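Residues per chain, in single letters:
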Amino acid sequence: MKPLAPRHRTSARTLLATGLITSLALVSGCAKSEDDTADKDKSSASQGDQGQVVASPSSGSGPACAIDAYGAKKIDLKSATVGFSQSEKEANPFRIAETASIKAEADKLGVKLLTANAQSQFSKQISDVQDLIAKGADLLVIAPLNSDGWEPVLRSASAKHIPIITIDRKINATACKDYVSFIGSDFVEQGKRAADQMIESTGGKGEIAILLGAAGNNVTTERTQGFEDRIKEKAPGLKIVFKQTGEFAREKGQSVTENLIQSKPGITGIYAENDEMGLGAVNALKGAGKQPGAVKIVTIDGTRNAVQGIVDGWIDGVVESNPRFGPLAFQTLDTFTKGEKVSQDIVIQDSAYTKSNAKADLGKAF
């Protein structure tokens, strides 16, 4: 994949057609930030030209899951009750857009939706999902906070033969036994693309830091792996001299970067594993009197504030991680509950924002 090459963005009509094709192709085979607006959740769900597209090769490749193998029964999606468990409090645009997309698609299809928000507490998410089951959820869509520790939920769901789809993050369990499918990005590839942008921005030389995401989930592990592997492969002159978690939070990203500036005043670049930490790093650099571009910053997500950061000169590149899971999640549920096979891993295609397209594509960010 070319480093951060902007992807062609299809029209809403084309994506609608793509979504229908994707549904058939499934067979055989991150408190709102202070600068967010009150209407952000609505706008996040309404931008049809940013809908998710399944990456090539199509989702029909690789292991698949059928309802008989899973042990569930066919059901008409429109007569079903779907439970959605959000992992994190609405503290960043990714989670706002993700939840809004799920709600909007359920409303569009006329599907009864039960929702719960774990407020970034894993024990609460476990009890949330068990409560959704107790309230009569026939199907579950889960955005996991952590990858481990899901055994109580899996036992409860299995006892009632309730299909589970996870989005954005994986759980450490067996596909087509404990859950049906995972829908999300290729996080290792995201890390590689971020590294490519960092190499381009720094000329492949200097000292760089990594603001790690929260511990305990596959997103952090894989985004780190992809970045480090690509730096080692392509830019031995770039030295990773600092790694610390910013917990996917803007405030934590800022405080960690403030410490970084003190301990490593000659730092060349910062790789933030989500936009919120990257924006926190920008705040820290501004507070230290740095000029835009003095420290190269590359982030992952595609929030409007981060893309604006490219326009303003503070951020060098943003790898998109599309949070609009609603259409693809419900297409997958519909296909599966009709008795057709779906892929166990449905990887979405992510775009990117660079200095060449940030200003023109700002309205497409979430």
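Here, the structure is the one placed above.
The following refers to the structure shown.

## A look at the pattern of salt bridges
Now for step 1: A full pass over the atoms with the stated rule returns 17 salt bridges.
Now for step 2: Across the pair Lys243 and Glu228 runs a salt bridge whose closest N-O atoms are separated by 2.8 Å. Placement of the pair is Lys243 in strand E8 (residues 238–245) and Glu228 in helix H8 (residues 218–234), with a sequence separation of 15 residues.
Now for step 3: Judged by relative accessible area, Lys243 falls into the partly exposed class, the value being 47%.
Now for step 4: On the basis of relative accessibility, which here comes to 25%, the residue Glu228 falls in the partly exposed class.
Now for step 5: In this structure, a network of salt bridges that share partners links the residues Glu88, Arg95, Glu98, Asp168 and Arg169.

## Comments concerning the packing of aromatic side chains
Now for step 1: Applying the stated criterion to the full structure yields 5 aromatic pairs.
Now for step 2: Ring centres of Phe122 and Trp150 lie 5.4 Å apart, and the angle between their planes is 80°; this geometry places the pair in the edge-to-face category. A residue pair is termed long-range when its members are at least 10 positions apart, and Phe122 in helix H5 (residues 122–134) and Trp150 in the loop between strand E4 (139–142) and helix H6 (151–159) qualify at 28 residues.
Now for step 3: For Trp150, a relative accessible area of 3% corresponds to the buried category.

## Concerning the pairing of E8
Now for step 1: Where strand E7 (residues 206–212) lies against E8, 7 bridges are found, and the strand directions are parallel. From the neighbouring strand, Gly206 faces E8, where its bridge partner is Leu238.

## Quick notes on the side chain of Gln86
Now for step 1: Position of Gln86 relative to the elements: it lies in strand E2 (residues 81–86).
Now for step 2: Classification of Gln86 as buried rests on a relative accessible area of 1%.
Now for step 3: A distance of 2.9 Å separates polar atoms of two side chains, one belonging to Gln86 and the other to Glu98.
Now for step 4: Separated by 2.9 Å, the side chains of Gln86 and Thr99 make a polar contact.

## Description of the sheet that holds E4
Pairing between the strands of a sheet comes from backbone hydrogen bonds, and it takes one of two forms, parallel or antiparallel.
Now for step 1: One open sheet holds the 6 strands; their spatial order is E3-E2-E4-E5-E6-E13, and the pairing between them is parallel. Strands at the two margins of the open sheet, each flanked by one partner only, are strand E3 (112–117) and strand E13 (345–347). Strand-to-strand, the axes of this sheet are offset by a mean angle of 20°, without reference to chain direction.
Now for step 2: Pairing between strand E6 (residues 181–184) and E13: 3 bridges, direction parallel. Considered in E13, the bridge of Gly184 is made with Val347.
Now for step 3: Sheet strands in contact with helix H12 (residues 326–337) are E2, E3, E4, strand E5 (164–167), E6 and E13, and its direction is about 160° off that of E6.

## Thoughts on the environment of Leu140
Now for step 1: The residue Leu140 is located in strand E4 in this model.
Now for step 2: For Leu140, a relative accessible area of 0% corresponds to the buried category.
Now for step 3: In this structure, the C-alpha to C-alpha distance between Leu140 and Pro163, residues 23 residues apart in sequence, is 6.3 Å.
Now for step 4: Sequence-distant contacts of Leu140, defined by excluding residues within four places in its chain, comprise Gly83, Val129, Leu132, Ile133, Ile162, Pro163, Ile164 and Ile165.

## Focus on the sheet that holds E8
Now for step 1: Strand order across the open sheet formed by 6 strands is E8-E7-E9-E10-E11-E14, with mixed pairing between neighbours. Edge positions in the open sheet fall to E8 and strand E14 (352–353), since each of these has one partner strand only.
Now for step 2: As judged from the 4 bridges shared by E7 and strand E9 (residues 269–272), these two strands associate in the parallel manner. Following the sheet pairing, Ala209 is matched in E9 by Ile270.
Now for step 3: Lying over the sheet, helix H9 (residues 250–263) contacts E7, E8 and E9, oriented at roughly 135° with respect to E8.

## Some remarks on the packing of H5 against H6
How two helices pack is summed up by the angle between their axes together with the distance between the axes.
Now for step 1: Interaxial distance between H5 and H6 falls to 9 Å at its minimum, and their mutual angle equals 10°. Here H5 lies roughly parallel to H6, going by the angle between them. For the pair formed by H5 and H6, the contact residues are Ile126, Val129, Gln130 and Ile133 on the first element and Pro152, Val153, Ser156 and Ala157 on the second.
Now for step 2: Tallied by class, residues from the contact of H5 with H6 come to 6 nonpolar, 2 polar and no charged.

Thresholds applied
Each chain has its residues counted from 1, running along the sequence as written. Per-residue local features are limited, in this predicted model, to residues with pLDDT of at least 70; the limit for side-chain atom pairs, both in listing and counting, is 80 or more; totals at the level of whole chains, interfaces and linings are taken over all residues. Excluding hydrogens and water, the side-chain values take into account all heavy atoms of the structure. Each reported salt bridge corresponds to a side-chain nitrogen of Lys or Arg within 4 Å of a carboxyl oxygen of Asp or Glu. Numbering of helices and strands runs from the N terminus; a helix is a DSSP stretch of H or I covering at least four residues, while a strand is a stretch of E covering at least two. Each residue's exposure class comes from its accessible area (1.4 Å probe, protein chains only) as a fraction of the maximum for that residue type: buried when under 20%, exposed when over 50%, partly exposed otherwise. For this analysis, a ring pair means two rings from Phe, Tyr or Trp (six-membered ring only for Trp) whose centres lie within 6.5 Å, classed as stacked if their planes differ by under 30 degrees, edge-to-face if by over 60, and tilted for the remaining angles. Strands qualify as paired when DSSP identifies two bridges or more between them. Pairing of N or O atoms within 3.5 Å defines a polar contact, subject to two protein rules: one partner must be a possible hydrogen donor and the other a possible acceptor, and residues neighboring in sequence count only if both atoms are side-chain atoms. A fitted line through C-alpha atoms represents every axis, and for helices the fit uses only the stretch in contact; the resulting angles, taken between N-to-C directions, go from 0 to 180 degrees. By definition, residues are in contact when any of their heavy atoms lie within 4.5 Å. Should an angle fall under 35 degrees it is called roughly parallel, over 145 degrees roughly antiparallel, and 65 to 115 degrees roughly perpendicular, with every other angle called oblique. Note on residue categories: nonpolar means Ala, Val, Leu, Ile, Met, Phe, Trp, Tyr, Cys or Pro, charged means Asp, Glu, Lys or Arg, and polar means any other residue, Gly included.

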